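For reference, the chains in residue letters:
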Amino acid sequence: MLNITPEFLLNLIEKWNINLLNLLFFVLCFLMVIFGVLMSVMEQKLPVGIRQLLRYGKHAYNERQKCLLITKLEVPKSWFSHFYTFALIFSWSCLWFVFQSSVLGKETPTLVVLFLDFIGGGRRRKVLIDSTSCLIVMSLMCLQCTRRFYETNFVQIFSKNNKISIGHYAVGYVHYFGTILTILANSEGFVGGSHPSGLNFSQLSGIHYVTIALFLFSWWHQYQSNLILVNLRTDRKTGKVITEKHLLPSGGFFDWISSPHMLFEVVLYVALLVGFMEKSLTWWLVVIWVTSNQIYNAMCTHTWYKQTFKNYPRKRKAIIPFTI
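Quick caveat: nothing in here was measured; it's all calculated off a predicted structure. (Residues numbered from 1 in each chain as written. Predicted model: local features only at pLDDT ≥ 70, side-chain atom pairs only at ≥ 80, totals over all residues. Heavy atoms only, no water.)

## Describing the nonpolar core
Thought 1: Met-138, Met-141, Tyr-176, Ile-183, Leu-184, Tyr-269 and Trp-283 are the most contacted members of the largest nonpolar core, which totals 61 residues.
Thought 2: Sorting the residues of this core by element identifies helix H2 (20-42), helix H5 (80-102), helix H6 (110-120), helix H7 (131-155), helix H8 (166-185), helix H9 (206-231), helix H10 (260-275) and helix H11 (281-308) as the ones contributing at least two each.
Thought 3: Considering every element that reaches this core, the biggest residue donor is H7, with nine residues.
Thought 4: Counting six residues, the second-largest nonpolar core is a separate cluster that includes Leu-263, Val-267, Ala-298 and Ile-319. (Core = buried A, V, L, I, M, F, W, Y, C linked by side-chain atoms within 4.5 Å. Buried < 20%, exposed > 50% of the residue type's maximum accessible area, 1.4 Å probe, protein only. Helix = DSSP H or I, 4+ residues; strand = E, 2+ residues; numbered from the N terminus.)

## Focus on the UniProt feature "transmembrane region" (unreviewed entry) in the protein
Thought 1: Per the UniProt entry, the sites bearing "transmembrane region" (unreviewed entry) are residues 20-41, 79-99, 166-187, 207-232 and 253-277 in this numbering.
Thought 2: Strand forms 0% of residues 20-41 and helix 100%; the C-alpha atoms that close the span are 31 Å apart.
Thought 3: For residues 253-277, the helix share is 64%, the strand share is 0%, and the end-to-end C-alpha distance is 28 Å. (UniProt positions renumbered as here; feature names shortened; annotations may be inferred.)

## Digging into the environment of Ser-81
Thought 1: By the secondary structure assignment, Ser-81 is in helix H5.
Thought 2: The buried category is assigned to Ser-81, whose relative accessible area is 10%.
Thought 3: In this structure the C-alpha to C-alpha distance between Ser-81 and Met-141, which are 60 residues apart in sequence, comes to 17 Å.
Thought 4: For Ser-81, the residues in contact, after removing those within four places along its chain, are Thr-152 and Asn-153. (Contact = heavy atoms within 4.5 Å.)

## Looking at the UniProt feature "domain: 3-oxo-5-alpha-steroid 4-dehydrogenase C-terminal" (unreviewed entry) in the protein
Thought 1: Mapped onto the present numbering, the UniProt feature "domain: 3-oxo-5-alpha-steroid 4-dehydrogenase C-terminal" (unreviewed entry) falls at residues 208-322.
Thought 2: Note that residues 208-322 is 59% helix and 0% strand, and that its end C-alpha atoms are spaced 28 Å apart.

Here it is in structure tokens:
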């Protein structure tokens, strides 16, 4: 009988050079690009189930003919708040490990290192991120997860009729689980045999501070963009919900593009890539995944706005001002 032990699995991962994090985000990128192109070029020829699976929210598939299986696997869009609750807890838990490593100089628990070996490429993992950068990036991701938790649980107004597929729901968990672990997988103190170097902010260059500022700028304006959408559905004096309809937004970056909140989502991840994570192949895949996903959804949203509002401003683009 085959004796499957942790050592056996690690040897198998190393023998076949398997990096589960890379594989995860590569698959997400591949599926997003393939289905995004198919939906853009030949949507009407695709099976109803695929069209129904990929569309949600304001541009959801609303035709009479639907796939019964996909319909049964749909959940309320308000369940977005669930995986942001997970992201909040998971990101802050990982930040605690990073704090203990980079600030207190404690060794990372063996089980954590072993788990990262399993998911991040085995014991051949290399240090690509120093302790200072790891603390900064994890802190910024915690900031993002915390705000999104607050928004989805206490600010955003979800239509009771809006549904998402169980696939979209699951991908939310997978994204934050994989993204947060990507930060740890190649950081000092979390790679077997490495030790935290401690904090050294004097090593930060101008580009680091610029990218931190860009992250915070995007973080704040993504929040402001979401508030504009919320205010369309509430009474400004009482704050009570007056409608669940999708209305025409204006003000802020909505004067230039249809989905500024999606643009700023992309910028958040690109900023971390340029400033701190440029050596991580996995983070490059994360950025490609986030960018392709947000562009696809922004294009669908833009098309819906133009079809729904006949007076939709012509100068507005989908996600990048003056471009697309």
